Every structure is written in C-alpha cells, then in structure tokens.
Amino acid sequence: MHDEHQIPIWFFIGLLLTIYGVLILGCGIYNVINPPEHPVKLANLHMDIWWGILLLVIGLIYSIKYRPSGTD
Amino acid sequence: MKLLKNLCIAAFLFVFLMPFKTATAAAGGAASHLLNLSPIDMVIIAIYFVVVLAIGFYLKKYASTSDTFFMAGRKMTAWIAGLSFISANLSSLETMGWSAMAYQYGMLGAHAYLIGAIPAILFLAIVMMPFYYICRTHSVPGYLKLRYGEGPRALAGISFTFLTVMVSGASMFAMAKILNLLLGWDMNVSIWVSSITVGIYVFLGGLLSAVFNEVLQFFLIWLGTILIPILGIISAGGWHKMLETAQKNAAIIHPTVQNADFTSLWRNLGSFDTNPMGIDWFGMVFGLGLAVSFGYWCTDFLQVQRVIIAKDLRSAQNGTVIGAMLKMLVPIIVTIPGLLGLAVLLNPDGSPMILVPESDPRANITLRTFNDVLPLLMGQYLGPGLLGLGVTAMIAGFMSGMAGNVSAFATVWTYDVYKPLLNRKASDKHYLNMGRWCSILGVLISIATAYALFYFSNILEFLQVLVFFFIVPLFGTVILGMLWKRATPAGGFWGFLAAIIISMSMWVFVHTFPDGSRPHPSVLISNNAVVSVTKQDGDKISRVVVESGQIQTTNVAIPLEAGKEPVTSGQFTVPQTGIELSGIVKDDSIAKNLRVLVPDAVEADTKQHTKFGVEGISLVLKPGVTIRASYIAKKFDAAAFNPAHTKYVARSEKAKPMAVNMYSAFWSLLVCLSVTIGVSLFTKPKPVEELRNLVMGLTDIPDEGPCPWYHNPKLWAAVVLIILIAINIIFW
C-alpha cells in the first residue's frame, strides 16, 4: 500500500472532504442569508454550517498531513 | 502533476456521463419522488465520480503484476485492511436494508452487528487468520485446494464466482431501482454510469483501487449518515423518549405483532411470539450467532480477501479486530434510524406514518416501503448540500460493493477456475491481463443479471438465500479442515456437497404448498378507470364505485348472476344489474379483507387523477365494467413460507421468515460437520507432511518479534468482547 512514492488514500479522503466542507459550509451560509421557502426539520440548528466546518477541518488535517511530496 | 492529469481525464469522462444523469433527473418530475436534489447536491455527487475515476487512473501504475492487481501487493496497514474489511460489508443495500429491518423488527435488528458478527470476526482474527495468512493463499477456495484437493476447490470456486456476479447484478438492479424511486433517475442510466465507472477503476487498479474506494466510502457513509440519528434523537426528545414513542407507535404500525417488544435485544426472545422477528433465543444464538455469522465472516472470500492482503500477520489480525470494533458502531447509523422511523416519521395529521414491505401490493402506490425509512429521514432532516452528501454516500456504497464483488470474481476466476482447470502454465502478465479483462467480464455479467431482474424480478427472492446455500457449508468444511487433521479430502467434498443440497432442500420444503399458496384476495383497478369514492369521518374511504373501465381480480368470488355459483376466473362484462363485491371475502373458510388497489384512476366528479388503496370495504361495479378474474394457487411460492412445513425446520409454526433462515443455516452447518466427520472416519486422510501450515497442531505460528502491548491483537480482541457483552447487558 505504501509504495515509497504512492500518494496515501488519506490524502484523497482529505481532498474530498475539504471540497465537500467548503461546498456545504457555503450552502449553509447561503441558507442563513436566504432562508429556503420549505426548510427541513431542525433547520434552526444550522447543521449544514457546523457540518461544513467539521468536514473542512477534518479534510484540511488529512490533506496537509498526507500531502504528496514533490516527486508526485 | 500526474495526479492533476488523472483528475482531468476523470473529469473529461464524467462530463460525458453526467449530462445524461442530470437530464433524466430533471425530466423525472419531482412530485412522485422521495428526494429532490438541488444543483449543489448534483455537484457533490459529480465530484465523487471524478475523484474515484482519478484514483483508478492514478493507481494503474501500481497494479502492474498479478500480485499487485489481485492482492494489492500485500502491503496494507492494519487500519486500511480493517476499514476496507468493514466497508466491503457496509454497502447501501446493507444500510438501507438493515434500517428497514430495524423498522420492522425493532432493536433485534442490531443483533446482525453484535452476536451476528463480532464473535465470528474475532474468531477469524485470532484463530483462522494465521492459517489463511501463513499458507499465502489467494482465496478461500485456494485454501480448500491446499487442504482437501481439487474437488472442494472447484466446487467452491465455481459456486463463488457464480454467487459474486449474481449478487453484484442484484445490487446493481437494486441501486437502479432505488435511485429511480428516490430521485427519478432512469434505471438504464444508473446501471450504465455506475458500471462503467466501477469497470474503469477496477480494470485499472485492481484490488488496490477497490480497497482505496472502500476506505473512501467508509468516511462518506459515516459523515453522510450520522447526522440522521443525531438530529432524529434531538427531534424525538431524547433517547428514552424515542424508545417510548417507537414502542407505542409500533403497535399501530405493525398490528400483527401488537404485543411484541421492539426495544430490547434479549428479554423478548423467550418464545417465537414475544418479538417482532418471530424467532427464539436458540435460533438467534445458534442460527445467526454461529452458522450464518461464522459462515459469512470467516469464509466469505470477499471479506477475507480484505485482510489477508495486510503487510504481515499481526496487521492482518489487528485489521480484523479493528473491523470488529467498527462493526459494533454500525447500529448507530442503521438500527437507530429504523427505530426513529417508528418514532418520528409522521403523517401531516400527526399520526405515525405506516410503511409496508415491498411485497405488499400497496407498496409504492399508496404507501412507502420499509426500505424507504432511511431516505425518508434524509428528506426530513437534510437540506441542500447535506442531502447531496447523503445521496453520495448511498451511491458510493453501491459502487464500492459492486467493485468488491467484481475484484473478488476476477481473483477467484483467475486463480481457482482458470489457472488450475484451463491454463496452468501461463506467464504472470497473462494472468494479470486475464484479471483485468475478468473485471470487465464481471461487470458485463453483472449488467446482464441486472437486466434479467427487470423481467424476472422474482429471482431476487432466490438470490437472497444463495448465501445460505453456499457460505454456511463452506465454513463447516474450512473449519474442520483447519482444526481436525483427520478430515479427509473425500470428507470435505461430500460434507460440503451434502450441506448445499440439504440447504436447498429445506428452502424448497418451506416454500412448498401441497394445498396451494393463494395470494390475498385483491382487486386492481386499471389505469384511467373512472371511480366514485364515498368518504366518511374526514378522509376515510367507506365505499368505492367503479363507473367504467377495467378491473383485475385475484382470488375473489364474483357473483356474476343471481342464484348461480360465483365465478373466480375468466373475462366478463358487468351485467345491467351491476355487481357489489363484499369487503370481506371467504378464503378456505377464513374471512379476509378484500384489498382494493387504485394506482391511477379518474374521479367521476372532479375528473382529477387519484390513487389510493383500501381494505375491507365493499366495491360496486357499474354495468359495462370489464372484469379480468384469476384464481391463483401456487404449489411453490418463493415469496411465502408454509407454516405447516416451517415447524419442522424452525421448531414452531409461529416462526417467521428470518427464524426459518437462521434455523436452516444451523441445520446446514450441522449436516456439513456430521457428513464430513462421518466420511472422514472411513476414508484415507492426507499425509501429515502435506498438512503442515494448514491445520492446527501442524502449523508453527511465526514469531513476529516483540510488540508493544497496544499492538497485541489478543488484547484488543478481549477488549472488543467485553464491550460486546456490556452492550448486550445494557440493552438486554
């Protein structure tokens, strides 16, 4: 699995979660500014904002810790 | 930079595939679909496809020999092996299916993740893994070859390859059907887009690609689903309030098991009728906990392959123990949503929402099904963005399950069928190419199976029990081979075969109806028929009149002419006097409610289209209405169990399908062990020299050197076992 120059799976996971975190956080902020006409239950908890932040943090930790070296 | 290039190629491919998908979604019409995705949700799904394709392209260079393609180079760390091991089993069919089970059976559904998994996984880690690992087998059938010889290997290899592609096709069909029902996506597009994606990344990266995507999928499934239990429990007013409401609503939702306890693991298993699963503790412990669980977790090659590719034995064992730990957590995202379905899914008037099994004629016409419980909760709690993540988790689960089956198919076919039986002396490159093309072949056969299911959907009934036919006997054969050096090749072969035959025979027996299995009396009013509906007490339908059009009746006696015997089959036109069908129908002297299904009719007064389903009300047919009547009595019905026969298999007429399956597995294991031991005692065993590194007592477990206490698999296995016992006591 860990061929010397192989990018670890954790980097791909970090990358994906970072992108998802940004998108979901952005979506959550948009929903605060423009509340949807038919909100889901418990929308008042703004779970999209909190979840977006969580994904972003996990994603950044993984992306940075397992970022590929220059040879890749 | 190469990674960037790979991303570009993947994006390019996706651009070709995705427009079909979005166009179909847009054309689907939102009203009848359970979930409506926003553009941001579609972007999230699209990014997932791009990333998995990019991973496939990237990993191609690391799968250049047969060992790297089929066994991922045997370099996995314990964590990756453990995550992959558990993810291979955590497909969307699993999460949706077991949420549905929890909705149907309450907390008992969690047993699949506790006694139905953990002891077996720990047994695999501590007892069986050394044998699998030391003999350096490529597959479980490969172990059978070394231990027993060619006969059992060929039987296991052929049955396994058949099983994997059939299951893969069934998963594909189920995925396409679910995406169609939930999102309105065209089934053909779902099948081809997912298959092409899986085909590409398994073709390029082999098992390595499959494992990478399984680990990725693990994160997506958890991060996409865990919000449902969190928000659901908040919404229900806390854990205890949720259980209380679920138990109260279960009596309304499941009236046939009104007194059953839905919120405990063991205290309701004293007899068959005190729990919703219709099973007792013996069936649960020896059927699920021993036969099914050990069969599945210890010998299903798809699972075992994930951990035998670890970099060393200790990593393989620790990976398996990590898998057990993670498995115990799955009820959080599976069982709790099922219980939440009972507690928080409500109709607009505040009454509990009733979901029905897929086999119910009202399913997807007037009522949603058990399988919809998770998507319904997603729609209730997840807004734009989060819903996309949830749906992506679902798609990822489907595709990763398919990739697992396809890569396992390629391995077993190449190593256990093609190499020993067809071409023994080819080069490594030849076997690598065979594996690559087998991946494509596996995908194509899966697609063919999926399309076969369009026309023969009853095959699904058969597929669900295939696991019981093959996996349980396989475990009996393997475990005796590992633990008993006297087990002979003839004993292994005949024990395996006898257990498969007895499994199939029991299945046929419980589905056989000497007096005929008669479907519930029902009337289906054809599309665009004109109906008048009388309502009372608000919206409750009390009478239906068919003004014109056609109806189909099943097992209903129709009083066509006064003074004459009613008729049950044929095609007629309602005479001038009209006909009234009673809401109560006598079927073999048992009174049953007449079921009336109206998927798409026109209301006489308003000319509006309507759909509904009712039971036990009278139906009036106006002159001129056409009746197509049929009387069905099947001697064999795969969808029904004959109680008069199940009592011989599962010890009680009250035993329900799940109990019958558990007991069948137990008997099958018992037959396998008995026949293998019996035949072995009268046949010649293999010489001891040939059994070295294959049988307990003849295998020296290599000393891997000292390790810190926190790397000791036995310690962690003991910790997991203690947690398992604690969970069972807490939720007793």
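Residues numbered from 1 in each chain as written. Chains lettered and ligands numbered in written order. Predicted model: local features only at pLDDT ≥ 70, side-chain atom pairs only at ≥ 80, totals over all residues.

Draft legend 1. Region of the structure containing the overall build of chain A. Along its length, chain A carries 2 helices and 0 strands. A buried classification covers 36% of the 72 residues belonging to chain A. Partitioning the intrachain contacts of chain A with sequence separation of at least 6 by distance along the chain shows that 84% fall at a separation of at least 24. (Helix = DSSP H or I, 4+ residues; strand = E, 2+ residues; numbered from the N terminus. Buried ≥ 20, exposed ≤ 12 C-beta atoms within 10 Å, placed from the backbone. Contact = placed C-beta atoms within 7 Å.)

Draft legend 2. Here's a closer look at the interface of chain A and chain B. Chain A puts 29 residues into the contact, and the matching count from chain B is 31 residues. Secondary-structure elements contributing two or more residues to the side of chain A that touches chain B are helix 1 (9-33) and helix 2 (47-65) of chain A. Per-element tally for the side of chain A that touches chain B: the top contributor is helix 1 of chain A, with 12 residues. Partitioned by chemical class, the residues of the side of chain A that touches chain B number 21 nonpolar, 4 polar and 4 charged. (Nonpolar A, V, L, I, M, F, W, Y, C, P; charged D, E, K, R; others polar.)

Draft legend 3. Structural context of the pairing of strand 13 (residues 626-630) of chain B. All names here are of chain B. Where burial is concerned, the two faces of strand 13 differ: the one with I627 and A629 is buried and the one with T626, R628 and S630 is not. Where strand 5 (residues 550-554) lies against strand 13, 5 bridges are found, and the strand directions are parallel. Bridged to Q552 within strand 13 is R628. Across 4 bridges, the pairing between strand 6 (residues 570-573) and strand 13 is antiparallel. When the bridges of strand 13 are listed, T573 appears paired with T626. (Pairing = 2+ DSSP bridges.)

Draft legend 4. Here's a closer look at unusual backbone geometry. Residues and elements named next belong to chain A. Of note, L42 is a non-glycine position whose phi angle comes to about 60°, a positive value. By secondary structure assignment, the location of L42 is in the loop between helix 1 and helix 2. In this model, H46 sits at a positive phi of 50°, which is unusual for a non-glycine residue. Note that H46 resides in the loop between helix 1 and helix 2.

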